[in-house]
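Summary of the model geometry
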Amino acid sequence: MASVEVRGLRKRYGRTTALDDVSFEVADGEFFCLLGPSGAGKTTTLKTLAGLVEPDAGEVVIDGLPSNDVEPTHRGLAMCFESYALYPQLDVYGNLASPLRSPLFRLPASEVDAKVRAVAGTLGIDGLLERPVTRLSNGQRQRVALGRVLVRPARAYLLDEPLAHLDAKIRASMRAELKTISRDLGTTTVYVTHDYVEALSLADRIGVIRDGRILQAGTPEEVWARPVDAFVARAFGKPRMTLVGGGLTDSADGPAFVSDDGALRLPLPPVDAAPGEAVQVGVRPRDLRLRLGADEVPEGWSAVEGRVWVLEHLGRATEVTVAVGAARLAVVAPRAAVAGLTTDDRVSLLIRPSTVHVFATGDEGKRVSP
Amino acid sequence: MSVTTPSEVDRAEPPARPPSGPEGRRPTVSRRRRRLRPYILAVPAVLLCVGILYPFFVGVSYTVFNFSAANPNPAFVGLRNFAEITTSAPFWNSVRVTGSFALTATAVETVLGVGVALLLYRGGILGRILERALIVPLMVAPILAAIMWKLLLLPEVGWVRPILEGLGVTGYTGTDSPLWAFLWSVVVDAWIYTPFVAIIALAGLRSLPASPFEAAAVDGAGWWFTFRRLTLPMLWPYVFVAVIFRLMDSLKMFDIIFGLTTGGPGDSTTTLQINAYLESISYARYSRGITYMVVLWAAVYLISMILVGYLRRLQNRTAGEAA
Amino acid sequence: MTAPGRPPGPETRRRSPVAAVAANIALVVYFAFSLLPIAFIIALSLKADRDQTTTYLWFSPTFDNYRTVLGLDGGGSSYVRFFLASLTTSVGAVLVSLVIGIPAAYAAARWRFKGSDNLMFTLLSFRFAPELLVIIPLAVIYRQLGLYDTAVGMIWVLQLVTMPLVVWILRSFFADFPVELEEAALLDGYSRRRVFVKVVLPLVRPGIAAVSLLAFIFAWNNFIFPFTLTSSNAQTVTVSSLAYLGGNLVRFNLVAAGAVMAALPPLVLALFIQRYLVRGLSFGAVKG
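Residues numbered from 1 in each chain as written. Chains lettered and ligands numbered in written order. Predicted model: local features only at pLDDT ≥ 70, side-chain atom pairs only at ≥ 80, totals over all residues. Heavy atoms only, no water.

1. As for the pairing of strand β1 (residues 4-13) of chain A
All names here are of chain A. So the rule is basically this: Between any two strands, at least two bridges found by DSSP are needed for them to pair. By the criteria applied, helices consist of DSSP H or I runs no shorter than four residues and strands consist of E runs no shorter than two, each listed in order from the N terminus.
Here β1 pairs with strand β2 (residues 16-26) via eight bridges, running antiparallel. In the strand pairing of β2, E5 is matched with E25. As consecutive antiparallel partners, β1 and β2 are separated by two residues, and within that stretch G14 has a phi angle of approximately 65°, a positive value.

2. A closer look at the sheet that holds strand β5 (residues 65-66) of chain A
Residues and elements named next belong to chain A. Sheet architecture is open: four strands sit in the order β2-β1-β4-β5, paired in antiparallel fashion. At either end of the open sheet lies a strand with only one pairing partner, and these are β2 and β5. Two elements, β1 and strand β4 (residues 57-62), share five bridges in a ladder whose sense is antiparallel. Bridging across to β4, E5 finds its partner in V61.

3. Considerations on helix α5 (residues 131-145) of chain C
All names here are of chain C. The following threshold applies: Expected span of a helix: the number of residues minus one, times 1.5 Å. In this scheme, a residue with accessible area under 20% of its type's maximum is buried, one over 50% is exposed, and one in between is partly exposed, where area comes from a 1.4 Å probe on protein chains only.
Its 15 residues place the ends of α5 20 Å apart at the C-alpha level, agreeing with the 21 Å of an ideal helix rising 1.5 Å per residue. Of all 15 residues making up α5, 12 are buried, and the element is well covered by its neighbours. Residues of α5 that are buried include every one of E131, L132, L133, V134, I135, I136, P137, L138, A139, V140, I141 and Y142, and no others. Once α5 ends, the next one or two residues include G146, with phi positive near 75°.

4. Side note on the packing of aromatic side chains
Test applied: What counts as a ring pair is set by centres within 6.5 Å for rings of Phe, Tyr and Trp (its six-membered ring), and what kind of pair is set by the plane angle: stacked under 30 degrees, edge-to-face over 60, tilted for all other angles. Two conditions define a charge sitting above a ring: the NZ of Lys or the CZ of Arg must be within 6 Å of the ring centre, and it must be within 35 degrees of the ring normal.
Taken as a whole and judged by the stated rule, the model has 45 aromatic pairs over all chains. Aromatic pair Y79 of chain C and F83 of chain C: ring centres 6.4 Å apart, planes at 35°, arrangement tilted. Taken together, the residues span about one helical turn, with Y79 of chain C and F83 of chain C both in helix α3 (residues 79-110) at a distance of four residues. Assessed through its relative accessible area of 26%, F83 of chain C is described here as partly exposed. An aromatic cluster is defined as three or more aromatic residues linked by ring pairs; in this entry it consists of W149, W180, W184 and W191 of chain B together with Y30, F31 and F33 of chain C. Over the ring of W309 of chain A we find R328 of chain A; its NZ or CZ atom is 3.8 Å from the centre of that ring. If you follow R246 of chain B out to its NZ or CZ, it ends over the ring of Y193 of chain B, 3.4 Å from the centre.

5. Side note on the nonpolar core
To keep things clear, this is the line we draw: The nonpolar core is taken to be a set of buried Ala, Val, Leu, Ile, Met, Phe, Trp, Tyr and Cys residues, with the residues joined through side-chain atoms within 4.5 Å. By the convention used here, residues are in contact when the closest approach between their heavy atoms is within 4.5 Å.
Counting residues in hydrophobic clusters, the biggest one holds 223 residues, and the most contacted among them are L138 and W149 of chain B together with L170, F174, F225 and L229 of chain C. If you tally residues by element for this core, the top one is helix α9 (residues 178-206) of chain B, at 16 residues. Those residues in contact with L170 of chain C, other than ones at most four positions away along the chain, are L98, I102, A105, I208 and V211 of chain C. Formed by 49 residues, the second largest nonpolar core is a distinct cluster that contains I125, V149, V151 and M174 of chain A.

6. Things to note about the interface of chain C and chain B
Heads up, the rule is: Buried area adds together the accessible area that both of two parts lose upon being put together, with accessible area traced by a 1.4 Å probe. A carboxyl oxygen of Asp or Glu within 4 Å of a side-chain nitrogen of Lys or Arg is what we treat as a salt bridge. Polar contacts here mean pairs of N or O atoms no more than 3.5 Å apart (in protein, one a potential hydrogen donor and the other a potential acceptor; neighbouring residues in sequence count only if both atoms are side-chain atoms). Here the term charged refers only to Asp, Glu, Lys and Arg, the term nonpolar to Ala, Val, Leu, Ile, Met, Phe, Trp, Tyr, Cys and Pro, and the term polar to all other amino acids, Gly among them.
Tallying the contact residues gives 89 residues for chain C and 92 residues for chain B. Across the interface of chain C and chain B, roughly 8,600 Å² is buried in total on both sides, 81% from carbon and sulfur atoms. In this structure, the connection of chain C to chain B is made through two salt bridges. Here D249 of chain B ties to R127 of chain C by a salt bridge, and the two come within 2.9 Å at their closest N and O atoms. Along the contact surface separating chain C from chain B lie eight residue pairs in polar contact (both at pLDDT 80 or more). Counting residues per element, the side of chain C that touches chain B draws most heavily on helix α1 (residues 17-45) of chain C, which supplies 20 residues. Classifying every residue of the side of chain C that touches chain B by side-chain character gives 69 nonpolar, 14 polar and six charged.

Encoded structure:
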């Protein structure tokens, strides 16, 4: 195992900037997740780490050694490609054995056989060893690709969206398997995904990347509870956090937020912005509560009036979108609680000001709440 | 396919736990050497190009001398060769012959080729059988095709005269009249190269997306409308590639005419390259011959620039529409 | 008639039968035009002297003409020598183009290095340049270098025909090859050369074979280069086909026999390249 670090990576393709000063470190044995939308530069970063892409600037450091000039073959990294990149002319056994037979490892046939069968067993594909890879299902091919990574010793694993093309059901079970395998092996891993659930469940630390820049790198708790800007805040959670634009005012009880159309008013704890400044606030749906009837407003909570905008029944829970003026706030409530509610009914929401995130305006408005 | 549960993983032999990094050396390759890789691979090809360009430049240099068998040690004459040919009737005749040949042959082949492609695209047993034979004329060497047609057109030996007379055509002259020598040359060219256009057009037809046509059918569009508004415009970028190839090739036509008529009768089928051959090889007036070729090459270069530019715009447009 | 969007299926049966008959007739007419000349020349090549001008298809075939052309009847002939010369120069030209062209095509496909566009464009200009532009100075240069009328000289000049084909088409094949397979092999521990040989070549091999055959066909069919740059040693079979046309007593059946034999190899080889034909003919501009 080894630590892996990139510093200041830059890469342009013609007029498109793929990487714009990407830096992060992954400690020895750490599972680091690179999370971002498509086109953010995740795969480019991974390939730069592996030496398959030459950066215009920046350094790749593997195990403390600057490795920019080290050929991909000798960096000791194993990569699982999003497209799997299985050798079509070989069968499953041949694909799994390929690294072990290469000039780099050159293991004797008996050892190769033992390792291949061991990995195949772990991943549940030992019945497929004779099958040509062109006749495998997507899930099976993904396992072979993963097996080709796990079969050989490596300083770090690079996994590029390994679960992206799997059916939802298989994805969930593969996620659990990956978690187990990585826990058992303890190998440094850089895992690329656009799915925040994978990131939250698998990673020791997450790096949120957008347009070739790392916006925030931190533990799952950090990026969830204290997102560094509006983009990172909305990257996690479903339903996504709604952001409401408005201004900061001073009221008798301290700073308060007033939405642009005046419909939403919230008291706020002290924030890093001056009264009169334009800001946007966001609340995660799970920090909202639907106020039933004329219940008392508990200590520390505020009530906000609105109308039911949309009701989406999802099994035992219902996603209620409440219109507060022009803003649409989403809250998840048990089905029983919303029985009898229809569109346009008056409802109120309970919000705890301490859970409110306040950002400067804009897609990547910086965090100003504590 | 069984999935190992977590407990099975604990009990089973864990996959070879990677030691702290593969104990490998980490040799480095300097950035400069990495950058040189593509150049090293391409060097032989570049050398070959230089080797070919050398005689080309030597040839161009002939144009400003009066090099011929009569003048083995030529004198520099500036642009006199170019001035001479612009006032020489044979030159302009060749230009006329070359231009009309190229345009006529390309037009005939394009229309015929697209037509054959459409017919074959319909499918059916006949079409599928005949499609296998489409490529045959294209594989025949142009000179051999010319000889074959020369024999075919002979009044006594060939089949053309009896077939034409059977269809009621009288006054058969073969290639003896200037007009018919020209026309039969176009026929031979079309005989060889119509399959070229047809094959490319057929591939284009087969790669057209189905949805626009299905939508048109649902909307009740008739055949002619679909053909004019959908098929032709979508097919045009493919056909145009074939047109460029044919046009550029027929401008330098040599083999067919040499085999069929040797430029005759008179000079009614003397294209620029035939003329250059006569000047350089038969009359050994190297400089004059090369001057013809330089003019032709300049024309071909310019025309190809324009056509390829148009093709790029076509391809960008269809790529944009498909996106 | 339904629009051509998908291969016509049962739903197109409602097309009028008149149109179907007309289409079939048109196809037959075209293919008659296309194939009858071939039938003619084969028939002519099998005719005895007296049958040449008297009958069309009603004659008893004879192989005497082939025997004469091949020199098997004791009359002696250089035809076999010319045939072998065609073989040598065509095979040689293709081999040289492959050796030089494969690395260049791979480099141009994988790396957009400075000058790669220039190189590709220069090669394309070779394809469209009028041949005599190069032949006229070459005739002089070759005589000086002693390359006139030699196989080596022909192989060199035929690069103008084969190289552009090889490089342009192979470049499009290499560009289509998924680069991640090569990347995976690199990370598995193979050197770049082994990656090319072990991963890329086996999968591109059919394409390379097809391009080689196509290049061979075009080299074989070439007339103007051997016509002007060889005389008796390295003369190819396409040039020799003119030989029987001269003289006092023209024997058309001999001309026909010579032409048929000269046209045979490309036709036979064409059977093997059907799959890659479209991409080959259009220099990779159209994916077939």
